[in-house]
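Residue strings, one per chain:
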Amino acid sequence: MCIAYVDALEIYRFVNQTFAGWQDRSREEIIGSPVREVLTSDAYARVKPRIDQALAGQPQRFESAAVYPDGQRREVEIQYLPYVDESRRQSGYFALTTDLTERRQAERERRELDACFRAVTLAAFEGIAVLEDGRFVNVNDSYAQRLGFRPEELIGKSYEGLLSKDSLQRVRRVLDSRFQGVYEVVARSRSGKTFPAEICGVNVDVGGRNLRVSAARDISARVAREQAVAEAADHEQTRIGQDLHDSLGQGLAGLSLGLERLRRDLKDKQSPLAEQASQLGQALKRAIQVVRTISRGLAPMLGEGGDLEVVLARLVEDTERLHGIECVSQLDGARQVQDANDATQVYRIAQEALANAVRHGRATQVRVQADCSGGLFHLTIDDDGSG
């Protein structure tokens with residue numbers, strides 16, 4: 001801040017070092033000089049009416065902008081405070097000058113940012129929101145309408161009431177870590193209805209304010225399409241598994257029975273071909289087992305009445321037998337999964353995890369545990385592999 005004292009004759013009687021620096025002079029050069037000689041003619045003409053009122057006992061406060069002698073253009077706030085001496089005479093005034101340049105520049109940038117935000121958000125199809133300390137400071141119509149609010153109703157409101165319980169925990173971690181990128185949540189509208197949403201969040205520092213800008217998109221339609229594709233793929237896999245089991249599997253089983261009868265006939269006749277028939281029978285049985293394993297993998301719930309515990313146990317046994325690794329399982333919690341689609345998805349996850357443990361992790365021991373607690377199903381697969 002610049003500080004100066006000017007007497008009733010408009011002579012500088014005191015200036016601080018900041019004032020002198022702005023005028024590109026020494027304090028000694030300024031003290032004792034008239035105001036009209038220190039200031040530029042234009043600057044003096046602008047402030048002269050203010051000086052007259054200050055010397056008349058009326059405090060003055062105003063803003064101005066000018067290029068100072070030190071070459072800097074400044075936006076300033078100037079105060080003239082009348083001074084009355086001990087004899088109650090108006091003997092001068094104090095001049096206090098505060099540099100507002102950076103503050104005004106920040107305010108302009110903020111206004112420009114707000115204008116840009118309004119222009120972008122009005123044109124955006126996605127919902128866009130700006131948060132500060134977890135509360136909305138700006139939202140566009142798309143964002144508010146999807147949640148069942150008007151934009152002004154969300155300003156100052158916390159985001160926490162607009163998420164499902166699981167998503168709330170996730171978003172808290174995202175914000176605490178200042179993660180920037182895309183993630184998915186389950187949003188909750190004003191009516192309490194939930195829907196899946198995709199969020200892209202970035203952190204922005206504006207004038208020392210740490211803001212979070214998020215673009216949100218309702219992905220209900222996309223999730224429904226993905227689910228439909230997954231269900232169609234699962235249906236096709238089940239059909240192929242059914243065909244393998246009913247057609248190829250039954251055909252090979254019939255062929256195996258015929259080959260066994262042939263082996264017995266050849267043995268009764270003491271034919272040397274009996275041993276070859278026996279070997280062919282063993283090879284055929286192995287092929288039947290492979291077909292059964294493949295068909296079970298494609299249609300895990302086939303013939304099991306939707307019993308997830310049974311099919312998981314069979315998967316563990318097949319993995320142990322085919323790959324020669326030790327598998328330990330505890331699958332009581334799988335009984336709680338009653339929905340056939342859910343059971344199939346759990347099976348697929350376990351199937352992929354076991355395959356990865358064997359193929360990529362080169363595991364020799366695997367533990368599979370299924371339990372249900374607090375209304376939530378948990379599937380845990382641990383192995384001693386490298387991956």
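Provided above is the structure to which this section pertains.
I will try to describe carefully the structure that is included in this document. (Residues numbered from 1 in each chain as written. Predicted model: local features only at pLDDT ≥ 70, side-chain atom pairs only at ≥ 80, totals over all residues. Heavy atoms only, no water.)

**Structural notes on the packing of aromatic side chains**
Reasoning step 1: Under the defined criterion, the tally for this structure stands at 8 aromatic pairs.
Reasoning step 2: Between Tyr83 and Phe94 the ring centres are 5.9 Å apart and the planes differ by 80°, which places this aromatic pair in the edge-to-face class. Taken together, the residues Tyr83 in strand β4 (residues 73-84) and Phe94 in strand β5 (residues 90-99) connect sequence positions 11 residues apart.
Reasoning step 3: Judged by relative accessible area, which is 35%, Tyr83 ranks as partly exposed.
Reasoning step 4: Taking the centre distance of 5.6 Å and the plane angle of 65° together, the rings of Phe136 and Tyr143 count as edge-to-face.
Reasoning step 5: In this structure Phe136 comes out as buried when scored by relative accessible area, which is 2%.
Reasoning step 6: Judged by its relative accessible area of 16%, Tyr143 is buried.
Reasoning step 7: Feature note: the residues Tyr5, Tyr83 and Phe94 constitute an aromatic cluster, connected by ring pairs.
Reasoning step 8: Its guanidinium or amino end placed over the ring of Phe195, Arg146 lies 3.7 Å from that ring's centre, counting from NZ or CZ. (Phe/Tyr/Trp six-rings, centres within 6.5 Å; stacked < 30°, edge-to-face > 60°. Helix = DSSP H or I, 4+ residues; strand = E, 2+ residues; numbered from the N terminus. Buried < 20%, exposed > 50% of the residue type's maximum accessible area, 1.4 Å probe, protein only. Lys NZ or Arg CZ within 6 Å of the ring centre and 35° of its normal.)

**Observations regarding the sheet that holds strand β1 (residues 2-7)**
Reasoning step 1: Taken together, 5 strands build an open sheet; the order of strands is β2-β1-β5-β4-β3 and the sheet is antiparallel. Both outer strands of the open sheet, β2 (12-15) and β3 (60-67), are each paired with one neighbouring strand and no more. Each strand axis lies, on average, 25° off the axis of its neighbour in the sheet, ignoring direction.
Reasoning step 2: Across the face of the sheet, helix α4 (residues 41-55) comes into contact with β1, β3, β4 and β5 while running at roughly 155° to β3. (Pairing = 2+ DSSP bridges. Axes fitted to C-alpha atoms, helices over the stretch in contact; angles between N-to-C directions. Contact = heavy atoms within 4.5 Å.)

**Description of the environment of Ser214**
Reasoning step 1: On the secondary structure map, Ser214 appears in strand β10 (residues 209-218).
Reasoning step 2: Relative accessible area serves as the criterion here: at 7%, Ser214 is assigned to the buried category.
Reasoning step 3: Considering only alpha carbons, one finds Ser214 and Val182, 32 residues apart in sequence, at a separation of 9.6 Å.
Reasoning step 4: Setting aside residues no more than four positions away along its own chain, Ser214 makes contact with Gly127, Ile128, Ala129, Leu131, Ile199, Cys200 and Gly201.

**Focus: the nonpolar core**
Reasoning step 1: Counting 25 residues, the largest nonpolar core has Tyr12, Phe19, Val35, Ile51, Tyr80 and Tyr93 as its most contacted members.
Reasoning step 2: Secondary-structure elements contributing two or more residues to this core are β1, β2, α1 (17-22), α3 (35-38), α4, β4 and β5.
Reasoning step 3: When residues of this core are assigned to their parent elements, the largest contribution, 6 residues, is made by α4.
Reasoning step 4: Setting aside anything within four residues of it in sequence, one finds Tyr12 in contact with Ala4, Tyr5, Val6, Phe19, Ile30, Ile31, Gly32, Ser33, Pro34, Val35, Val38 and Leu39. (Core = buried A, V, L, I, M, F, W, Y, C linked by side-chain atoms within 4.5 Å.)

**Observations regarding the pairing of β5**
Reasoning step 1: Burial analysis of β5 places 7 of its 10 residues in the buried class, which makes it a mostly covered element.
Reasoning step 2: Note: β1 against β5, 6 bridges, orientation antiparallel. Bridge pairing in β5 links Val6 to Tyr93.
Reasoning step 3: Both β4 and β5 contribute to a ladder of 9 bridges, which runs antiparallel. Pairing of Ile78 across the sheet is with Thr97, part of β5.
Reasoning step 4: The loop that links β4 with its antiparallel partner β5 comprises 5 residues; one of these, Arg88, has a positive phi angle of about 65°.

**Looking at empty space enclosed by the protein**
Reasoning step 1: Under the criterion given, the structure shown has 1 cavity of 30 Å³ or more.
Reasoning step 2: Volume-wise, the largest cavity comes out at about 330 Å³.
Reasoning step 3: For the largest cavity, the lining is made up of 23 residues, of which Gln23, Leu39, Ala43, Tyr68 and Ile78 are closest to its centre.
Reasoning step 4: Residue composition of the lining of the largest cavity, by class: 18 nonpolar, 4 polar and 1 charged. (1 Å grid on protein atoms, 1.4 Å probe; cavity = no way out; pocket = protein on both sides within 12 Å on 5 of 7 lines; lining within 4 Å. Points joined across faces, edges and corners; volume = space filled by probe spheres on them. Nonpolar A, V, L, I, M, F, W, Y, C, P; charged D, E, K, R; others polar.)

**Considering the environment of Asp42**
Reasoning step 1: Mapping Asp42 onto the fold places it in helix α4.
Reasoning step 2: Residues Asp42 and Ala66, 24 residues apart in the sequence, show an inter-C-alpha distance of 9.4 Å.

**Focus: the sheet that holds strand β9 (residues 194-206)**
Reasoning step 1: Pairing within the open sheet is antiparallel, and its 5 strands lie in the order β7-β6-β10-β9-β8. What marks the edges here is a single partner per strand, and that holds for β7 (135-139) and β8 (181-188). Averaged over all adjacent pairs, the angle separating strand axes in this sheet is 35°, with direction ignored.
Reasoning step 2: Of the pairings in the sheet, the one linking β9 to β10 comprises 10 bridges and is antiparallel in character. Each residue of the ladder has a partner; that of Val202, found in β10, is Val213.
Reasoning step 3: Here helix α8 (residues 165-176) sits on the sheet and contacts β8 and β10; the angle it forms with β8, its principal contact strand, is near 145°.

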